[in-house]
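The residues making up each chain are set out below.
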Amino acid sequence: MPTHVRSYSKINLGLHIGPPRPDGYHALATLYQTLALHDIVTVSARRLVAGELCRIALTSNHPQVPADSRNTAWKMVELALKMMGRTAEVQIHIEKRLPVQGGLGAGSGNAVAALVGLEAELRVEGEIHGVPGPKSRTQGAGIRDLVGDPAWFSRRLDIAAQVGSDVPLFLIGGTVLGLDRGQEVYPLPDVEPTWCVIAVPDVGVSTPQAFRDWDALCAREGLTPEASTGKLNELSRAYASAFAGAIPGGGQEAGSSGVLASNDNGREDLAGPRESALVRTGISSWIQNDFERVVFPQQPSLAETKRLLAGADHPGAASSLVAMLSGSGSALFGLYLTRGDAEAACERLRPVGVKSYLTRTLPRAGYWRDMLSH
Ligand code: C5P
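Residues numbered from 1 in each chain as written. Predicted model: local features only at pLDDT ≥ 70, side-chain atom pairs only at ≥ 80, totals over all residues. Heavy atoms only, no water.

Undergrad: Explanation requested: the overall build of the protein in the structure shown.
TA: Looking only at helices and strands, the protein has 13 helices and ten strands in total. Nonlocal contacts in the protein, meaning residues at least 24 apart in sequence, comprise 77% of its contacts between residues at least 6 apart. Here the protein displays about 15,500 Å² of accessible surface, and carbon together with sulfur accounts for 54% of that area. (Helix = DSSP H or I, 4+ residues; strand = E, 2+ residues; numbered from the N terminus. Contact = heavy atoms within 4.5 Å. Areas by Shrake-Rupley, 256 points an atom, 1.4 Å probe, with all protein chains shown as cover.)

Have a look at this one:
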């Protein structure tokens, strides 16, 4: 029986870029937040006898998804099998529900979902803990045990980082601090869930080019690598201190559907505080995505999409808690306290022909609880 895995997406609640490094990457400070919006990755795997070569096959319902070793899910499975010292025949199917759009980490999420599916199929958790793998198909609990195993966990983080800078965050889930080139990840207390609108403009942004444009902008403005590093360190500390004691443990769970029960007036509010932790901690007042400074001048329609998400200049509209480019784009997001506010943002985008998705931010507990349950 194949294993079906929810492959969630992410946004960046702020992204700050440091100077270029000799290895071709840039130092970053970012706050990742996982979303309920997901693809489905299905994995079937069968062990092969020693000496036989690994066989991987990949299919997708979406024609733009590469069906070979260029695919992040393929790379992850290949590296994981090598790390386990196993040979296997693996079939991966990626059912794309997320937009194939930069900024949401969809490919990176697919890589982690494929790994989780592979582990479940091969019953890796039994071996890691030195006990036989579970006979029944209740892998969910086993995977959660595995996540708690420090040695296994750090090996998974290593291979995730080899596949891409924003792959490791999907091994943590919830609200995650990303440092170094984005692959050095730290779980933070979850921000209480909010409604989220993803806007998917019909333009593409090249991430490496956006980084080069950022370097050119810093050079023009005379920002030295030392000053840039100093600014980045300050921002990393600001993220960490904003979370120190300001977020109630665990946050509130939305579940994978991202839907909370309605209240009487049909506006599904946060059941907890009427104010978002993003506002309470002050984060929403100082976060920014540095990529906006290079991407918006080249694609002015994205700046307009951000204004529509924010709703600030729409009479009577409730403003977003925050509206921003995600990663290097071109996806943008807005966060809202109520479902009604989020739906109004989708309505503002409709006349200009920008496609939108309504979802919720997904805290860590819900991320792991629902990943394997269907
Ligand atoms: O790690 P990933 O494959 O996602 O990165 C894609 C490209 O984006 C890199 O080859 C690099 O050009 C750029 N990048 C960067 N600094 C980072 C992450 C990515 O310059 N922190």
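Undergrad: I'm lost on the pairing of strand β6 (residues 184–187) in this one. Help?
TA: Along any regular strand the residues' side chains alternate between the sheet's two faces. Pairing geometry for strand β5 (residues 175–179) and β6, over four bridges, is antiparallel. Paired with Leu179 across the strands is Glu184, a residue of β6. Counting the residues in the hairpin turn of β5 and β6 gives four residues, including Asp180, whose phi is positive at 60°. (Pairing = 2+ DSSP bridges.)

Undergrad: Explanation requested: the site of the ligand in the structure shown.
TA: Taken together, Gly24, Tyr25, His26, Leu28, Gly164, Ser165, Arg181, Thr207, Pro208 and Phe211 make up all the residues around the ligand. The contact in question runs from an oxygen atom of the ligand to an N or O atom on the side chain of His26, over 2.8 Å. Within the side chain of Ser165, a nitrogen or oxygen atom sits 2.6 Å from an oxygen atom of the ligand. Notes on the ligand: free accessible area 460 Å², of which the protein chains cover 72%. (Near = heavy atom within 4 Å. Polar contact = N/O pair within 3.5 Å; in protein donor to acceptor, adjacent residues only side chain to side chain.)

Undergrad: Explanation requested: the pattern of salt bridges in the structure shown.
TA: Pairing between side chains becomes possible if they bear opposite charge and their charged atoms approach one another. For the structure on display, the rule yields 17 salt bridges. Residue Asp68 pairs with Arg70 through a salt bridge whose shortest N-O separation is 2.9 Å. We note a salt bridge from Asp370 to Arg369, for which the minimum N-O separation is 2.9 Å. Asp370 sits in the buried class, given a relative accessible area of 9%. It is possible to trace a salt-bridge network through shared partners that takes in Arg46, Glu52, Arg55 and Glu89. (Salt bridge = Lys/Arg side-chain N within 4 Å of Asp/Glu carboxyl O. Buried < 20%, exposed > 50% of the residue type's maximum accessible area, 1.4 Å probe, protein only.)

Undergrad: Explain the packing of helix α11 (residues 300–310) against helix α12 (residues 339–349) here, please?
TA: Between two packed helices, the angle of one axis relative to the other and the distance separating the axes together describe the packing. Two elements in contact, α11 and α12, have axes separated by 8 Å at closest approach and are oriented at 145°. Of the two possible hands of crossing, α11 and α12 adopt the one that is right-handed. Taken together, the residues of α12 that come into contact with α11 (itself represented by Thr305, Leu308, Leu309 and Ala310) are Ala345, Arg348 and Leu349. A breakdown of the residues in the contact of α11 with α12 according to their chemical character gives five nonpolar, one polar and one charged. (Axes fitted to C-alpha atoms, helices over the stretch in contact; angles between N-to-C directions. Left-handed = near helix turned anticlockwise from the far one by under 90°. Nonpolar A, V, L, I, M, F, W, Y, C, P; charged D, E, K, R; others polar.)

Undergrad: Would you explain the sheet that holds strand β9 (residues 332–336) in this entry?
TA: Taken together, four strands build an open sheet; the order of strands is β8-β9-β7-β10 and the sheet is antiparallel. Looking along the sheet, the strands with just one partner apiece sit at the ends: β8 (322–325) and β10 (355–360). Taken over all neighbouring pairs, the strand axes of this sheet differ in orientation by 20° on average, direction set aside. Strand direction decides the pairing type here: strand β7 (residues 195–200) and β10, joined by six bridges, are antiparallel. Bridge pairing in β10 places Ala199 opposite Ser356. Across the sheet, α11 is in contact with β7, β8 and β9; its angle to β9 comes to roughly 10°. Taken strand by strand, α12 contacts β7, β9 and β10, and its axis lies near 15° from that of β7.

Undergrad: Mind showing me how you'd approach helix α6 (residues 207–221) here?
TA: Along its 15 residues, α6 runs 21 Å from first to last C-alpha, staying within 8% of the 21 Å computed at 1.5 Å per residue. Buried within α6 are the following residues: Ala210, Phe211, Asp213, Trp214, Leu217 and Cys218. Down the axis, α6 shows its buried residues gathered within 160° of arc, on one side only. α6 presents Ala219 and Arg220 as exposed residues on the side facing more than 90 degrees away from its buried surface. Its side-chain oxygen placed 3.2 Å from the backbone nitrogen of Gln209, Ser206 serves as the N-cap of α6. A positive backbone phi angle near 70° is found at Gly222, which sits one or two residues after α6. (Expected span 1.5 Å × (residues − 1). Arc of directions from axis to C-beta.)

Interpretation in functional terms is not warranted from these geometric data alone.
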